Structures are given as structure tokens and as C-alpha cells.
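Residue strings, one per chain:
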Amino acid sequence: MDVFQLLDYAGVAVFAATGALAASRKRLDVIGFLFLASMTGIGGGTLRDLILGLTPVFWVKDPVILLVCAATALVMYFAAQWVEHRFTLLLWLDAAGLAAYAVLGAQIGLAAGVENIIAIVTGVMTATFGGIIRDVVSHEPTVLLRQEIYITAALSGATIHVTLSYFDVPAAISAAIAVTFAFALRGGAMMFCWTLPAYRRD
Amino acid sequence: MDVFQLLDYAGVAVFAATGALAASRKRLDVIGFLFLASMTGIGGGTLRDLILGLTPVFWVKDPVILLVCAATALVMYFAAQWVEHRFTLLLWLDAAGLAAYAVLGAQIGLAAGVENIIAIVTGVMTATFGGIIRDVVSHEPTVLLRQEIYITAALSGATIHVTLSYFDVPAAISAAIAVTFAFALRGGAMMFCWTLPAYRRD
Amino acid sequence: MDVFQLLDYAGVAVFAATGALAASRKRLDVIGFLFLASMTGIGGGTLRDLILGLTPVFWVKDPVILLVCAATALVMYFAAQWVEHRFTLLLWLDAAGLAAYAVLGAQIGLAAGVENIIAIVTGVMTATFGGIIRDVVSHEPTVLLRQEIYITAALSGATIHVTLSYFDVPAAISAAIAVTFAFALRGGAMMFCWTLPAYRRD
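Calculation criteria
- Residues numbered from 1 in each chain as written.
- Chains lettered and ligands numbered in written order.
- Predicted model: local features only at pLDDT ≥ 70, side-chain atom pairs only at ≥ 80, totals over all residues.
- Heavy atoms only, no water.
- Phe/Tyr/Trp six-rings, centres within 6.5 Å; stacked < 30°, edge-to-face > 60°.
- Helix = DSSP H or I, 4+ residues; strand = E, 2+ residues; numbered from the N terminus.
- Buried < 20%, exposed > 50% of the residue type's maximum accessible area, 1.4 Å probe, protein only.
- Least-squares fit on C-alpha atoms with pLDDT ≥ 70 in both.
- Contact = heavy atoms within 4.5 Å.
- Buried area = accessible area lost by both parts, 1.4 Å probe.
- Salt bridge = Lys/Arg side-chain N within 4 Å of Asp/Glu carboxyl O.
- Polar contact = N/O pair within 3.5 Å; in protein donor to acceptor, adjacent residues only side chain to side chain.
- Nonpolar A, V, L, I, M, F, W, Y, C, P; charged D, E, K, R; others polar.
- Expected span 1.5 Å × (residues − 1).
- Bend = angle between axes of the 7 residues up to and from the residue.
- Core = buried A, V, L, I, M, F, W, Y, C linked by side-chain atoms within 4.5 Å.

(A) Structural view of the packing of aromatic side chains. All names here are of chain B. Counted according to the given criterion, the structure contains 15 aromatic pairs over all chains. Measuring from ring centre to ring centre gives 5.5 Å for phenylalanine 15 and tyrosine 101, while their planes differ by 40°; the resulting arrangement is tilted. Linking phenylalanine 15 in helix H1 (residues 3-25) with tyrosine 101 in helix H5 (residues 86-111), this pair joins segments that are 86 residues apart in sequence. The exposure class of phenylalanine 15 is buried, given its relative accessible area of 0%.

(B) Looking closely at the relation of the copies chain A and chain C. When chain A is fitted to chain C, the best match, at an RMSD of 0.0 Å, comes from turning it 120° and sliding it 0.0 Å along the axis. Between the two chains, the operation in question is that of a three-fold axis. Residue by residue, only 9% of the interface of chain A is reproduced at the interface of chain C, so the copies engage with different surfaces.

(C) Local environment of the interface of chain A and chain B. Taken residue by residue, the interface counts 31 residues in chain A and 32 residues in chain B. Counting the surface lost from both chain A and chain B, the interface buries some 2,700 Å², and carbon and sulfur atoms represent 71% of this. Counting across the interface, chain A meets chain B through zero salt bridges. Connecting chain A to chain B are two residue pairs in polar contact (both at pLDDT 80 or more). Every element with two or more residues in the side of chain A that touches chain B is listed here: helix H2 (30-52), helix H3 (58-61), helix H4 (64-79) and helix H6 (116-137) of chain A. A per-element tally of the side of chain A that touches chain B places H2 of chain A first, with nine residues. Along the lines of polarity and charge, the residues of the side of chain A that touches chain B split into 20 nonpolar, seven polar and four charged.

(D) View of helix H8 (residues 171-192) of chain C. Here H8 of chain C contains 22 residues, and its C-alpha end-to-end distance of 31 Å stays within 8% of the 32 Å for a straight helix at 1.5 Å per residue. The positive-phi residue at the C-terminal boundary of H8 of chain C is cysteine 193 of chain C, with phi of around 55°.

(E) The arrangement of H2 of chain A in detail. Residues and elements named next belong to chain A. Helix length check: H2, at 23 residues, gives a terminal C-alpha distance of 33 Å against a target of 33 Å (1.5 Å per residue), a fit within 8%. Along H2, the helix axis deviates most sharply at glycine 43, where the bend reaches about 45°. Of all 23 residues in H2, 22 are buried; the element is thus mostly enclosed. Capping the start of H2 is the job of one residue whose side-chain oxygen sits 3.0 Å from the backbone nitrogen of isoleucine 31: aspartate 29. The first or second residue beyond H2 is glycine 53, which carries a positive phi of 75°.

(F) Seen up close, the pattern of salt bridges. All chains considered together, the criterion is met by 12 salt bridges over all chains. One salt bridge connects aspartate 49 of chain A with arginine 48 of chain A, and the closest N-O pair in it is separated by 3.0 Å. With a relative accessible area of 4%, aspartate 49 of chain A lands in the buried category. Using a relative accessible area of 2% as the deciding quantity, one classes arginine 48 of chain A as buried. With a closest N to O distance of 3.0 Å, aspartate 135 of chain B and arginine 134 of chain B form a salt bridge. For aspartate 135 of chain B, a relative accessible area of 9% corresponds to the buried category. Take arginine 134 of chain B: its relative accessible area is 1%, and that puts it in the buried class. What you see here is one network of salt bridges that share partners, running through Asp94, Arg134 and Asp135 of chain A.

(G) Layout of the nonpolar core. Core analysis: the largest hydrophobic core is formed by 228 residues, its most contacted members being Trp59 of chain A, Trp59 of chain B together with Trp59 of chain C. Filtering out sequence-adjacent residues up to four positions away, tryptophan 59 of chain A remains in contact with Ile42, Thr46, Ile65 and Leu66 of chain A together with Ile51, Ile118, Val121 and Met125 of chain B.

(H) Looking closely at unusual backbone geometry. Each neighbour pair has its own omega, and for threonine 55 of chain A with proline 56 of chain A the value is -5°, a cis peptide bond. Residue position: proline 56 of chain A is located in the loop between H2 and H3. With phi around 60°, aspartate 168 of chain A is a residue other than glycine that occupies positive phi space. You can see aspartate 168 of chain A is positioned in the loop between helix H7 (151-166) and helix H8 (171-192). Unlike most non-glycine residues, arginine 27 of chain B shows phi in positive territory, near 60°. With relative accessibility at 26%, the residue arginine 27 of chain B sits in the partly exposed group.

Shape descriptors only; they carry no functional weight alone.
In C-alpha cells form, the structure reads like this:
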């Protein structure tokens, strides 16, 4: 299992956990947990595969992905009660998934042979779409509307990985650097309320 | 026209009717009825086909599907006024579509040669996504957030059909049993407020 | 660059501008502008390509599209402050994009060899889906729910183009007529509150 396979399962698991936490906030039943966790876990990668024409999509080819979602959902269903500040945990897991998926999505774009700018975009889409689906289906404002740096973290992770890969840095090292940076950036934004200047000119 | 073709048209028609009822609740014009009815009627199957890589999607290959949506929308536009308790009717039609599409989606997954667990998932997605689109576009909380059993009914229908098919039960019989069970489960949930234990542990 | 290439870039640019205006109303940062502008600009065409099985989708094959989105977003980020009545501008640009994309989407459907009714539907979807994504991601009621003629304008543009093409009117002329009519219809609807009889029968 190479680093990207690992990033894939990691991204799926953490996003699935955020979906399960959203389900707990909505007081859904265990099937609701499974559903929302799966949608969130596989949503971004599904869009990425559809856009690149890589169908059937990844989880159809590798059902283990769904088992990861299901296991995560069940664990959260029984464990979430002991989690204080559930929304904060959701945001931290979301940050981890954002970082992992931004780099994974970019790598899959590169592997599919698209141009670098497209690979960056597929990275950002993979990283953000699962959370968007989760928030929309939960009838919550999407995380994109939050003030702190969010998409920027995904964009930086994808850009770093694509750039380092362009300069022939080994994929695993490049990915490690990119994921770390993106997670640190999003994490720092949450802890210290880092923001880019928001549009306020009126 | 075999049983699955029938399930397909039935699922399209009843989901289209729920979209039209949502349009009537939003006071849309007749074109809005056509649009929302079509989106709801074909949404789930469209996602299913995209995920399985069966493109162009089913209604592109069989435009009759769109005529079914249009006819349903027009009938509802002129008939909805006589419908008391329109939201209740929407929920019952939604239950019928849920049952039909869960089994149809699972069958199409099986026909596409995916693993059984994936066929169950494509069944659930086919059954639920049209209603999600309807609710999101109508700016309503999605039906998934309702307390009574909903996804569970789709999951049971898809699982029963896939399981019976695995044991070589003739497809038509298997489908009839699965659709009946799923519809009865969702219908009973609505009538008697059946629920699974919701997440309430805090 | 033929007339449809032009319509494509025009549609992308104006929808991207509406996404950027939505971002300004939500006080997003510049990356949020880029993201929402791109999603809105390419959303409709992406759905169209997915449904027709034309993958990888258009902007993966032609990254200039994304540069158009990015440039538009940046211009709006710095220029929006001088725009009075920003929501009105959003609606007018949306009307222009609606007209351009309805005809472009129909033409791409025809070029893909689908039946005329399907080409009309792909036109309407291309024209409406970007705005739907923009509104849903911005957590706003979708523009479809507005009372004035909206989908009807897209439908008329797509229908006119498909009909004229059926009678062998040169594509450029047919497109010009269809775009003009659709834009005039939507524009008139906004100025004079043209509506179709809304569903009010209860």
C-alpha cells in the first residue's frame, strides 16, 4: 500500500468521520450515520473521477472504501457521545481530510496526464466537495462560507505537490510536504483565526 | 417491457410527481413544474449511470423518460389543486419511488457486473438522490433529515433484491418482494412513526 | 474561434462573474472568489459533458476556461466595490449567461448526435446548473424559485436553436437569433416582472 493509497483511505476515513459527526448533530439514526458518512467520505473523489472520466468511480472498483466509511460511521455512532466540542473535532478532521485529499486529488490528476493547472483544480475539488455535500445535505451553511482560510489550504497543498512533482521531487516526499503544509495552514487558521483579507469594500 | 423497465418508468413518474408537488408548494409556474419534476424524476438514475460509467445516461438514450416527467408535471399542475394534504401525498409517492428505484438501481448495478455491496449502494443512491436534489433545489431540509425510517427502507429493498438474486431467485419475483417490503417499511414508518433509535446520547 | 467557442467563453465569463458577485455578498476572500466563480462558470457545462459522456470534461481539455474564470474573479474582486446594485448586476449577467449557455448546450447536444428533445434539455441544464450550484453553495434560495420567467428563457433559447437547426438555418444565425430572444425574454421578465401564471390554485 503506497503513500497515496494511504492518503486515500485516510481522507475517506476522516471525511466519513465528519459526515458522522454532522449526522450526530442532526440526531440521525445509525443508517443516517452510514449514509452521510459515506457521502462525505467518497463525494470529493467521486466528482474527481467523473470529471477525469475515470469511471466506474474509485469506490466501485475498490469496495473496501465503503467498508472504511461504514466502520468509521459505526465507531462515531457509539463513540461520539464521549466527544466534547463535537463541532471542533469535525473541523479538525475536516482539515486533515482537506489536506490529504487535496494532494491525492492532484496526484491522481497528474497520473491521469492532465495539465498541471488542472491537476491543482482536481486536487482542490477532491478536497472540498465532500464537505460541501455534507453541509448541503445537512442543510447547513457550507464550510466554504467560513471566514478562516479553507480553500486556500487545499489550493496550497495541491499547488505544492504539483510544483514539487514538476521538479521531480519523489512523489512520497512531495506529498508529505504538501499534506503537512496544507494541514498546518488550515489548522493554524482555525486556532489563530488566520484569514485572507475578506471582501469588505462596501 | 419487463418488470425493471416498468419499475423505471414508475420510479420516474412518482418522483417526478413529488418534484411537481414541491413546485406547487413553491408556487412555481408550469415550466418550473416541468423542471423540478424532471430533475427529481431522473436525478437518482443519472447519478447511478454516471458512477457506473454508463454514459450517455439512461434518459439520453430513452427520451420517453422525459416525456413521462413532462406528462406527470402537467397532470400535477392542473390536478394538484384537488389534492388535500399535498405534502402527505408527496411523502407517499416519494415512498413508492424510493422502493422502486432502490431495487431498480441495485438490479442495474448487478447487470453492470459490480460487486453485491456496490449494487446495494447504487440502489440506495438511485433511490435517494432524486429526492435530495428536489429538496436542495427547493431550499428545503432534505428528507434524509426526517426522523422516520427512510434510507433504511431503500437499503432494505436493495439488500433483499441483491441477496435473493444471489440465491438465484428469479429477478421479477425477487424485485416484487423487495419493492413490497421497502414500500411497506417506509409506509409503516410514516403511518406509525417507526424510527430507529436516533442519536441522542448527549 | 467560431461563434460557439465565443458563446462558451462568454457564458463562462458571465457566470463566473455572477459567482464572484455572490462571493462579494458573502464577504469571501479572494480565493473564495476564485472558487465560487469557477464553480459557477463551469458547473453547467460540466454536468452537460458528464451526462453526454464527453469526458474528460471541457475545461480539463481546455484550461483556458479556468483562466477566464480566474481573471473574471480577480477583476470582480477589485472592481465590485464600484458596482452599485450588485445583485441587479448579478441577475443581468446571469441572464446573459443563461442565454449563451442554453444555446451552446443545445448545440453541443446536437453535435453529440442526441435527439432534438435531448439537445433542448442539455441546453436548459447547461444554462441553469451553474447558477443552481452558486446559489446552493452560497446557501441562498436558488434562482429557480424566483417568480419571474427564468427557466422558460433558457428553454425558449434552446428550443429556437434546435428548431432552426432542424430547418437547416446556418448555426451562427440560428444561435444569434436564439441567444437574442432568450436574453430579451429574461431581461424583459426582470424589467417588467413578466411571469407565467404561477401555481396559485389553493
